[in-house]
Amino acid sequence: MTEITELWLENRRGGKTIGIGEAAPRISFVADGPGPFELRFTHDDGRQETATVLRTQLVGWPFAPLSPRAGGLLRVGDSAEVRIEAGIGDDWGVQFVSPSLTADRSAPRPAYLLRALFDTTSLAADVKHARLYATAHGVYQLELNGRRIGEDILAPGWTSYNHRLRYQTHDVTAALQVGANVVGAWLADGWYRGHIGFDGGVWDIYGPDVALLAQLEITTVDGVHHHVPLTWTWERSPITAVGLYEGETFDARLLDPAWSTADFDAQTWRRAEVLPRDSFEARLEAPTALPVQETEILRPISTERRAGGRIRLDFGQNISGVLRIRLRASAGHAVRLHHAEVIEDGELGTRPLRAATSVDTYIAAGSGDEIYSPRFTIHGFQYAELENWPGELTEGDVEAVVIHTGMQQTAWFDSSHSGLNQLHSNVTWSMRDNFVDLPTDCPQRDERVGWTGDIQVFAPTALRLFAAHGTLTGWLRDVALEQAEQGHVPNFVPWVDCGFPNFPTAAWGDAAVIVPWEMYLNDGDTRILADQYPSMRAWVDLVDDLAGRTGLWNDGFQLGDWLDPTAPPDDPGKSHTDKYLVATAYHVRTARIVADTAALLGRDEDEKHYRALAATATRAFQEEFISASGRVVSDTPTSIAVALIFDLFASPEQAAHAGTRLLELVAQGGFHISTGFVGTPIICDALVRAGSMDYAYHLLQQEELPSWLYPVSMGATTIWERWDSMLPDGSINPGDMTSFNHYALGAVADFLHRAVAGLASEAPGWARIRFEPRPGGGLEHAGARYDSVRGTAAIRWARAGGALDITVEVPAASTGVLVLPGTGEEIEVGPGTHTFQTTFRPAAGDPDAPFLGWRRPDAVEA
Ligand code: BGC
């Protein structure tokens, strides 16, 4: 019997499906055999609908559309079931309530408590279920009768609040009691009006208020639906000051744990101000992704009492999150928690945090065992120091709580090379740490914003490692909204006007086109293309304008091959690759993608237009940047890699000539990295294109600076922003912009999966898989697994003397081809697991075939 091993709706892989925004959510599932599949939907009112389908992916909702609040149980076959419930759409009958309409702009502000008392005695029947729909200007957490509601952290997360505000749906049935109840909310500034951005940053970006919007609805067993009116009062909370960057100060003496229960006397609390909802323009939307949440708890791997009395903790992993402490202290005793990513000169290296001071303060109530973790701040750290800790630290007193968006992990890589394995782990962690509701550049300093270029280069890796579609879908909506407002794609989204040049920039703005395209390639869903199409087009049209319709984008602000290792620490944009070469190459690339998208969407006229535009830009690139023989202007690995990978040469001869030159340059550079944000994600592919996987292995395994493994050799547990964020002598790079947790340069992880292990998709949505192992580089074995939308695809190869064993796994809903290394022979493989044995043919550079320095590509592949 066919078994269903996974079942999800839209982009909610692995997560709860109550409060969804779609009236007709598409259904996806993984089956271990062929269809047809029986779908059954049992509505909450007992009605049943059934449908039989043949596909497993993105099956259009075959039942009556869900009206707001409607729910039921979806069953696929006999083995999978999920509860679905629609959100409330536009059906809001409440207003925002606010405890604070202004605040000073120089220091972190307090958080507030809001409470509302209501009674269920008058309900004629027992409660069947209760829902609390909520959102905020600011960040909030809910309680009902003294119990925390929901697992969301930093809800409602950060969107372009002027346009879009997400609400959360909370199931509060279990916390409700007969008679008097109290719903309470903690409320703080968050992104809405907190201190955000760099170079001083800004306050009150979206408004001067913090406010809560909460609608409580109860359905009783007699089928009656009740809207419960709530009247809110407020008081200052024990959080006396909090900022996302600065940290949180919590005075436990001010906490009465009964505050959100009916026993509490709230007579002195003030009435909250009511802010009419129609004075705000933002659309209220259900989230497209799972919430930010606690995902893991780490214990320190070492603790040390420092000379000044502080206790230092090393968690062995750079994370985004907070500490959770347990202590006994007298009332008023203050403990300060300091955070840093690295140690420099024996001290916490806090300089790179810039204005994000990242210090939490806990003032004890003196009530025995007290447990605290900050609610409304988040830090990027591996090390922490406890200042003024009362007495000795005992096991379990301090933990690190890892916090980020809930995303299902979908990919694993492993090999016989411990350095590459650690590199892969570092990329995985940098992704986790930077998917805190939106794809950010870094989790620690006064930045943490949605830089478009970073996710543009990282998207294929992100989509491989985790089910990131939900997060990216939401973020792309903001890209489109802010793009429409500003007339171009801002360099980070949501945009914060803190002084950074607000001009269109290649490789950054191109995210508007490339990210949706990569999403489509990954899951085969054209809806993201249809939704983003106006934004994708608008970007390419704008660049076409900027290029004066010549296809050549050769003036104006550009970030170029950002952080090229030859650029000076204080001028990271000063790459030795021509910025306009990069800009024009991206123009070609995104014009082609828009043409392909138009074709998929059946927009024939558009397709013609963008093909012609791409052809013009390609010619312009060739005329301006490529010599007749195939030499590329700038003569750098990035410039050649871009031309090769974006297919910009006029002839195969030119490409071959440039490939030879690329190998020469990389060898001359001693197999050190010489590329920045633009070149690094594609350099290994370019080397393969130039004919040498062996060169890619050399580059990958380099440990000297600059290289991917240099940070690994320095003990890194995440990807660094700069190749040398930490210098060999252990000091921190003097540049003002030095993070130890930036995923961009980790975009090579995708290559480890595709080329080293040999697991690549050959058709959108992994309908067809290409298994192409490339053993070499002295590796004994390598393997990768990917839980694609069609099920698990996997490969493993291992050398045994002169033999090479290869095992591949094809999901039931896909087909595949195995390309045998060395011979290139192609073998069709169908669903299931297949094992092959062949002869191991050492690539040049493998210890079995001593590496002789630079060779021509034909010699290498022989
Ligand atoms: C960010 C980057 C970003 C860059 C572009 C930096 O401050 O951290 O990752 O892409 O600026 O200017």
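Quick caveat, the model's predicted, so the values are computed rather than measured.

Participant: Help me out: how do you make sense of the overall build of the chain in this one?
Facilitator: Scanning the chain from terminus to terminus reveals 15 helices and 44 strands. The C-alpha radius of gyration of the chain comes to 28 Å, within 12% of the 29 Å expected for a compact globule of 862 residues. Over its C-alpha atoms, taken along the principal directions, the chain stretches across nearly 85 × 70 × 60 Å. The 862 residues of the chain split such that 61% are buried. When contacts within the chain are restricted to residue pairs at least 6 apart in sequence, long-range pairs at least 24 apart make up 73% of them. Taken as a whole, the chain presents about 30,300 Å² of accessible surface, with 49% of it coming from carbon and sulfur.

Participant: Explain the sheet that holds strand β12 (residues 147-149) here, please?
Facilitator: Strand pairing in a sheet relies on backbone hydrogen bonds. The paired strands run either parallel or antiparallel. Spatially, six strands are ordered β12-β11-β15-β9-β18-β21 in an open sheet, and the strand pairing comes out antiparallel. Across the chains shown, the open sheet's two edge strands, defined by having one partner strand only, are β12 and β21 (270-271).

Participant: Got a minute to help me understand the pattern of salt bridges in this structure?
Facilitator: Once their charged atoms are close, side chains differing in charge can pair, the charge on each being opposite to the other. Under the defined criterion, the tally for this structure stands at 63 salt bridges. Among the salt bridges present, the one from Glu-392 reaches Arg-305, with a minimum N-O distance of 3.7 Å. Taken together, the positions of Glu-392 in the loop between β32 (379-387) and β33 (398-405) and Arg-305 in strand β25 (residues 302-305) put the pair 87 residues apart, joining distant regions of the chain. The class for Glu-392 is exposed, based on a relative accessible area of 63%. For Asp-441, the salt bridge identified is with Arg-445, shortest N-O distance 4.0 Å. Accessibility assignment for this pair places Asp-441 and Arg-445 in one class, buried. When salt bridges with common partners are traced through the structure, they connect Glu-762, Arg-768, Arg-770, Glu-772, Arg-774, Glu-826 and Glu-828 into a single cluster.

Participant: Before we go on, may I ask you to explain the nonpolar core in this structure?
Facilitator: In globular proteins that are soluble, nonpolar side chains generally tend to be buried together. Core analysis: the largest hydrophobic core is formed by 207 residues, its most contacted members being Leu-323, Trp-708 and Val-756. Here this core gets 11 residues from one element, more than from any other, and that element is helix α7 (residues 579-600). Residues Ala-136, Leu-142, Leu-144 and Leu-187 belong to the second largest nonpolar core, which totals 31 residues.

Participant: Please explain the packing of helix α9 (residues 637-645) against helix α11 (residues 680-689) as it appears in this structure.
Facilitator: Packed helix pairs are characterised by how far apart their axes lie and by the angle those axes make with each other. As a packed pair, α9 and α11 sit with axes 9 Å apart at the nearest point and diverge in direction by 70 degrees. The orientation of α9 relative to α11 falls into the category roughly perpendicular. Every pair of crossing elements has a handedness; the one defined by α9 and α11 is left-handed. Touching Pro-637, Ala-641, Val-642, Leu-644 and Ile-645 of α9 are Ile-682, Ile-683, Asp-685, Ala-686 and Arg-689, all from α11. A per-class count over the contact of α9 with α11 returns eight nonpolar, no polar and two charged.

Participant: How do you make sense of unusual backbone geometry when you look at a structure like this?
Facilitator: Keep in mind that most residues, glycine aside, have a negative phi and that most peptide bonds are trans. Here the bond from Gly-35 into Pro-36 is cis, since omega is 0 degrees, no more than 30 degrees from zero. Within the secondary structure, Pro-36 is located in the loop between β3 (27-31) and β4 (37-43). Look at the link from Val-493 to Pro-494: it is a cis peptide, with omega at -5 degrees. Mapping Pro-494 onto the fold places it in the loop between α4 (469-486) and α5 (511-523). Positive phi values are uncommon outside glycine, yet Trp-766 reaches one of about 60 degrees.

Participant: For this particular structure, what's the right way to read the sheet that holds strand β39 (residues 781-788)?
Facilitator: What the five strands build is an open sheet, ordered β34-β39-β40-β41-β44; its pairing is antiparallel. Each edge of the open sheet carries a strand with a single partner, namely β34 (411-415) and β44 (832-839). The mean inter-strand angle of the sheet, taken between neighbouring strand axes irrespective of direction, is 10 degrees. The pairing of strand β40 (residues 791-800) with strand β41 (residues 803-810) spans seven bridges and is antiparallel. Following the sheet pairing, Ala-794 is matched in β41 by Glu-809.

Participant: Got a minute to help me understand the environment of Tyr-695 in this structure?
Facilitator: Tracing the chain through its elements places Tyr-695 in helix α12 (residues 693-701). On the basis of relative accessibility, which here comes to 1%, the residue Tyr-695 falls in the buried class. Separated by 71 residues in the primary sequence, Tyr-695 and Trp-766 place their C-alpha atoms 28 Å from one another.

Participant: Explain the site of the ligand to me, please; I cannot follow it from the model alone.
Facilitator: Around the ligand sit 13 residues in total, of which Asp-441, Arg-445, Glu-447, Asp-454 and His-742 are the nearest. Here an oxygen atom of the ligand sits 3.0 Å away from a polar atom, N or O, in the side chain of Trp-508. One of the side-chain N or O atoms of Glu-721 is found 3.4 Å from an oxygen atom in the ligand. Burial of the ligand by the protein amounts to 97% of the accessible area it has alone, namely 310 Å². Residues that form the shell around the ligand fall into these classes: seven nonpolar, one polar and five charged.

Participant: Which parts of the structure should I look at to understand the pairing of strand β43 (residues 826-829)?
Facilitator: Consecutive residues of a regular strand have side chains that alternate between opposite faces of the sheet. With burial as the criterion, only one face of β43 is covered, namely that bearing Ile-827 and Val-829; the residues Glu-826 and Glu-828 on the opposite face remain uncovered. For strand β42 (residues 815-819) and β43, the ladder comprises four bridges, and the chain directions are antiparallel. Looking at β43, one finds that Gly-816 is bridged to Val-829. Here β42 folds back onto β43, and the loop between the two strands holds six residues, one of which, Gly-822, carries a positive phi near 90 degrees.

Participant: Mind showing me how you'd approach the domain arrangement of the chain here?
Facilitator: You'll often see interface size given as the accessible area lost when the parts meet. By the assigned domains, the chain splits into domain 1 (4-86), domain 2 (96-288), domain 3 (297-405), domain 4 (411-757) and domain 5 (764-839). In this structure, domain 1 and domain 4 have C-alpha centres spaced 37 Å apart. The partner domain 4 presents eight residues to the five residues of domain 1 that form the contact. Both sides of the domain 1 and domain 4 interface together cover about 520 Å² of buried area, and 43% of this is carbon and sulfur.

Participant: Please explain the packing of aromatic side chains as it appears in this structure.
Facilitator: Here the distance between the centres and the angle between the planes together describe a pair of aromatic rings. Within the structure shown, the criterion is met by 40 aromatic pairs. On the basis of an interplanar angle of 45 degrees and a centroid distance of 6.2 Å, the ring pair of Phe-435 and Tyr-743 is categorised as tilted. Taken together, the residues span a long stretch of sequence, with Phe-435 in strand β35 (residues 435-436) and Tyr-743 in the loop between α13 (709-713) and α14 (749-757) at a distance of 308 residues. The exposure class of Phe-435 is buried, given its relative accessible area of 0%. On the basis of an interplanar angle of 45 degrees and a centroid distance of 5.2 Å, the ring pair of Trp-517 and Tyr-520 is categorised as tilted. Within this pair, Trp-517 and its partner Tyr-520 are both found in helix α5, separated by three residues, close to a single helical turn. Classification of Trp-517 as buried rests on a relative accessible area of 12%. Ring-pair connections join several aromatic residues into one group, and the members of that group are Trp-186, Phe-250, Trp-259, Phe-264, Trp-269, Tyr-362 and Tyr-372. Lying across the ring of Trp-269, Arg-115 places its NZ or CZ 5.9 Å from the centre. Stacked on the ring of Phe-840, the Lys or Arg Arg-799 has its end atom at 3.9 Å from the ring centre.

Procedures and definitions
Residues numbered from 1 in each chain as written. Predicted model: local features only at pLDDT ≥ 70, side-chain atom pairs only at ≥ 80, totals over all residues. Heavy atoms only, no water. Helix = DSSP H or I, 4+ residues; strand = E, 2+ residues; numbered from the N terminus. Rg over C-alpha atoms; globule rule 2.2 N^0.38 Å. Buried < 20%, exposed > 50% of the residue type's maximum accessible area, 1.4 Å probe, protein only. Contact = heavy atoms within 4.5 Å. Areas by Shrake-Rupley, 256 points an atom, 1.4 Å probe, with all protein chains shown as cover. Pairing = 2+ DSSP bridges. Salt bridge = Lys/Arg side-chain N within 4 Å of Asp/Glu carboxyl O. Core = buried A, V, L, I, M, F, W, Y, C linked by side-chain atoms within 4.5 Å. Axes fitted to C-alpha atoms, helices over the stretch in contact; angles between N-to-C directions. Parallel < 35°, antiparallel > 145°, perpendicular 65-115°, else oblique. Left-handed = near helix turned anticlockwise from the far one by under 90°. Nonpolar A, V, L, I, M, F, W, Y, C, P; charged D, E, K, R; others polar. Near = heavy atom within 4 Å. Polar contact = N/O pair within 3.5 Å; in protein donor to acceptor, adjacent residues only side chain to side chain. Domains from an automatic or database assignment. Buried area = accessible area lost by both parts, 1.4 Å probe. Phe/Tyr/Trp six-rings, centres within 6.5 Å; stacked < 30°, edge-to-face > 60°. Lys NZ or Arg CZ within 6 Å of the ring centre and 35° of its normal.

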